[in-house]
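Descriptive analysis of the structure
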Amino acid sequence: MKDLKHLIYFENLLQDAQNELVTKAVEDGQIALGYNCYYIPEVLLNLEGCFSSRLRAPNCTSSDIANYYMTNRTCPYARSILERAIEGGYNYLSCLFGAESCATMERMEEHFFLINPVKHDGFFVTQIDPPMKGDQTNLDYYKAQLKLKVVDEMKNRLGVDVSDEAMRKAIEQHNELSRIITEIGNFRKLDNPPITGYEFHVIQLVSLVCPKYLILPYLRETAKEMKTRKPDEKWPFRCKVVLAGSENDDPDFTKLVESCGAEVVCDCYGAVESRQPIVVEKGEDPLYAIAKHYLKTSNCPRFMPQDEMRARKQRLADLVKEYNADGIIVCSNKFCEYWSYERVVDTVVLKRDFGIPVCSIEKEYINTASGQLRTRFQAFVESVEIKKIQEGK
């Protein structure tokens, strides 16, 4: 296929947390607000005068200093974020909005104020206590947490306009971005998609880490370009898969999967789910609508009730069918307590109850040793091909 016009530029934006567009926004007087959990609504951090920055640690191959504070047997994502902060990679941030979603994330966020790695005047950290269920009681509590720990902090410490009108404006921008990403992603449902999983992953990530008002023009142009982009005449892959699991902000991991012959036609992890429009009912409080949206669309495995767990399995099975995938790859970062359980359950339930071939992978945050993973993926692709032959497909 012909290269996307802005793909190389997008790839370059992902090489550093403080990329070209982040630097420009800060120079324009915009306030950079860091976050790293779906429970911190991205839309709230994009009120006028602010921009959200989903924390990543690209090319972090060692977390030696962070290991001293957190040990090397904790989530590599959390350790990599702390390592990058100590290196000075987040000095553009005015604050970090954290969530006590798991013990390791909480510990990492606490170190942001215990050892003060971010050298920015007035930098502060605040943490919400996210819910464990999706019922009305937890929704009310979640909204109260967002009001106390996010909205009020932005108003009182940063002087941000947090009025209903300002929130509705931020929701409009969020919904436009969601429509663009969804429009691009829908091309992946075609028999021969004109976009690879790697390309979509790159596009999705730049929409998360770059200031929205600066990245939107490029995304609009890319969506327009997709309408006339022609795929290769011969489909270059051997099967289609859904990629699911815990935090994955490494496009090279998706590229590795596709280099083994499996086209990633759908992704299902927290960041991707945020690309759904927020619906504000007539007369509804916009903050309540935001809380409701993020609570109802979360794929977080902290939700332990049986109905919630079964709904997540059904969701994956539905995505396999919707995108005409042949199997699913479920990944979890090493030492991730919640996703380690979820991955094991997915491996059993999806195959037993839905007949879907599953490849279960435990991985590092940045995968420098790809040989073993490549062998696993190649074996999985071969097993899917054998299954299709046996079924006469």
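Residues numbered from 1 in each chain as written. Predicted model: local features only at pLDDT ≥ 70, side-chain atom pairs only at ≥ 80, totals over all residues. Heavy atoms only, no water.

This paragraph deals with the side chain of Arg54. Tracing the backbone shows Arg54 in strand β2 (residues 50-54). Arg54 sits in the buried class, given a relative accessible area of 8%. Within polar-contact distance, the side chain of Arg54 engages the side chain of Glu247 at 3.0 Å. (Helix = DSSP H or I, 4+ residues; strand = E, 2+ residues; numbered from the N terminus. Buried < 20%, exposed > 50% of the residue type's maximum accessible area, 1.4 Å probe, protein only. Polar contact = N/O pair within 3.5 Å; in protein donor to acceptor, adjacent residues only side chain to side chain.)

Time to look at the nonpolar core. Ranked by internal contacts, the top residues of the largest apolar core, which has 93 residues, are Phe10, Leu55, Tyr90, Phe112, Val150 and Met154. Among residues more than four places away in sequence, those in contact with Tyr90 are Ala17, Leu55, Arg56, Ala57, Ile81, Arg84, Ala85, Phe112 and Val118. If you look at the next biggest cluster of nonpolar residues, it comprises 19 residues, including Cys239, Leu256, Val381 and Val384. (Core = buried A, V, L, I, M, F, W, Y, C linked by side-chain atoms within 4.5 Å. Contact = heavy atoms within 4.5 Å.)

All right, on to the packing of helix α7 (residues 164-186) against helix α12 (residues 286-296) then. α12 packs onto α7 with a crossing angle of 40 degrees between their chain directions and a minimal axis gap of 9 Å. Residues Asp164, Met167, Arg168, Ile171 and His174 of α7 pack against Pro286, Leu287, Ile290, His293 and Tyr294 of α12. Across the contact of α7 with α12, the residue classes tally to six nonpolar, two polar and two charged. (Axes fitted to C-alpha atoms, helices over the stretch in contact; angles between N-to-C directions. Nonpolar A, V, L, I, M, F, W, Y, C, P; charged D, E, K, R; others polar.)

So, on to the environment of Val150. Along the chain, the position of Val150 falls in helix α6 (residues 136-158). Taking the C-alpha atoms as reference points, Val150 and Leu45, separated by 105 residues in sequence, lie 8.6 Å from one another. Excluding anything up to four places from it in sequence, Val150 contacts Ile40, Leu44, Leu45, Phe97, Ile128 and Gln145.

Turning our attention to the sheet that holds strand β3 (residues 95-99). Overall, parallel pairing links the four strands, which are arranged β2-β1-β3-β4 in an open sheet. Each of the sheet's edge strands pairs with one partner strand only, and the pair in question is β2 and β4 (124-128). Taking each pair of neighbouring strands and ignoring which way they run, the sheet shows an average axis angle of 25 degrees. Pairing analysis gives three bridges linking strand β1 (residues 31-35) to β3, with the strands arranged parallel. The partner of Leu33 across the bridge, within β3, is Cys95. Where helix α5 (residues 103-114) meets the sheet, its contacts fall on β3 and β4, and the angle it forms with β4 comes to roughly 155 degrees. (Pairing = 2+ DSSP bridges.)

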